[in-house]
Amino acid sequence: MGLEFPQLPYEYDALEPHIDKQTMEIHYSRHHRAYFDKFVAAVKGTRLETQPLEDIFAGVSQAPAAVRNNGGGFFNHVLYWNSMSPNGGGEPKGALGKSLEKTFGSADEFRKKFSDAGLDRFGSGWAWLLVRDGSLMVASTPNQDNPLMDVCEVRGAPILCMDVWEHAYYLKYQNRRPDYIKAWWNTVDWRGVEAGYEKAMEALKVAR
């Protein structure tokens, strides 16, 4: 990913009414930016400074807490922004849609399982759709952990994530996390998720 702070792929108000402009602006320009800046400071002058994030995460149990927390916060938010689109919502199609149906029974059953991963996460954290050994899995992580980290119980290549930290939804939804999650599905960029799925599957072929 490189040590660059990426541009938000749409305007702050692009996801309204599902996610409000003020939440997006604060979330991106303050929270996400702070994770990035603190991560850069944590790795500066160390051997980690030149390592890809994926490699850092693979051995994050041996890294300082500032690297784990802020590196995770940086990476997770990039995927979160790219998991959404002003033209999001609808149904997953193509190879991803077929795989979701095969794995979970239907797209609706997947949405329920993924939503529950976010609803049941105590405190702050994330819900994930990931590819592991060629199969799709749903998982949840606390704080800023993600499935690329060696500290996670369920590891794999993440292709979709939902932020369930309160700062992701509190201005509009207050403590109503279920309402935020229900609205969030209207923003999901299924074409982007499918591209991530195909990339993860291709990487597995190359590795084998």
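This text goes with the structure placed above it.
Residues numbered from 1 in each chain as written. Predicted model: local features only at pLDDT ≥ 70, side-chain atom pairs only at ≥ 80, totals over all residues. Heavy atoms only, no water.

Q: Sorry, what's going on with the packing of helix α5 (residues 107-119) against helix α7 (residues 177-184) here?
A: Relative placement of two packed helices is described by the angle separating their axes and the distance separating the axes. One way to put it is that α5 packs onto α7 with a least axis distance of 10 Å and a crossing angle of 145°. Once α5 is placed against α7, the crossing between them reads as right-handed. Two secondary-structure elements touch here, α5 through F114, S115, G118 and L119 and α7 through R177, P178, I181 and W184. (Axes fitted to C-alpha atoms, helices over the stretch in contact; angles between N-to-C directions. Helix = DSSP H or I, 4+ residues; strand = E, 2+ residues; numbered from the N terminus. Left-handed = near helix turned anticlockwise from the far one by under 90°. Contact = heavy atoms within 4.5 Å.)

Q: What am I meant to see in the packing of helix α1 (residues 21-43) against helix α3 (residues 65-82) here?
A: Running from N to C, α1 and α3 point in directions that differ by 140°, and their axes come no closer than 8 Å. Taken together, the axes of α1 and α3 are oblique relative to one another. Crossing of α1 over α3 shows left-handed handedness. Two secondary-structure elements touch here, α1 through M24, H27, Y28, H32, Y35, F36, K38, F39, A42 and V43 and α3 through A66, V67, N69, N70, G71, G73, F74, H77, V78, Y80 and W81. (Parallel < 35°, antiparallel > 145°, perpendicular 65-115°, else oblique.)

Q: Is there a simple way to think about the nonpolar core in this case?
A: In terms of nonpolar packing, the biggest core is built from 62 residues, with Y80, F110, F114, L129, L136, Y180 and W184 touching the most fellow members. With 7 residues, α3 is the largest single contributor of residues to this core. Look past the residues within four positions of F110 in its chain and what remains in contact with it is L100, F104, L129, V138, L160, W185 and W190. (Core = buried A, V, L, I, M, F, W, Y, C linked by side-chain atoms within 4.5 Å. Buried < 20%, exposed > 50% of the residue type's maximum accessible area, 1.4 Å probe, protein only.)

Q: Can you walk me through the environment of W128 in this structure?
A: For W128, the position within the fold is in strand β1 (residues 125-132). What makes W128 buried here is its relative accessible area of 0%. Separated by 10 residues in the primary sequence, W128 and G118 place their C-alpha atoms 8.7 Å from one another. Here the side chain of W128 touches T141 through a polar contact of 2.8 Å, side chain to side chain. (Polar contact = N/O pair within 3.5 Å; in protein donor to acceptor, adjacent residues only side chain to side chain.)

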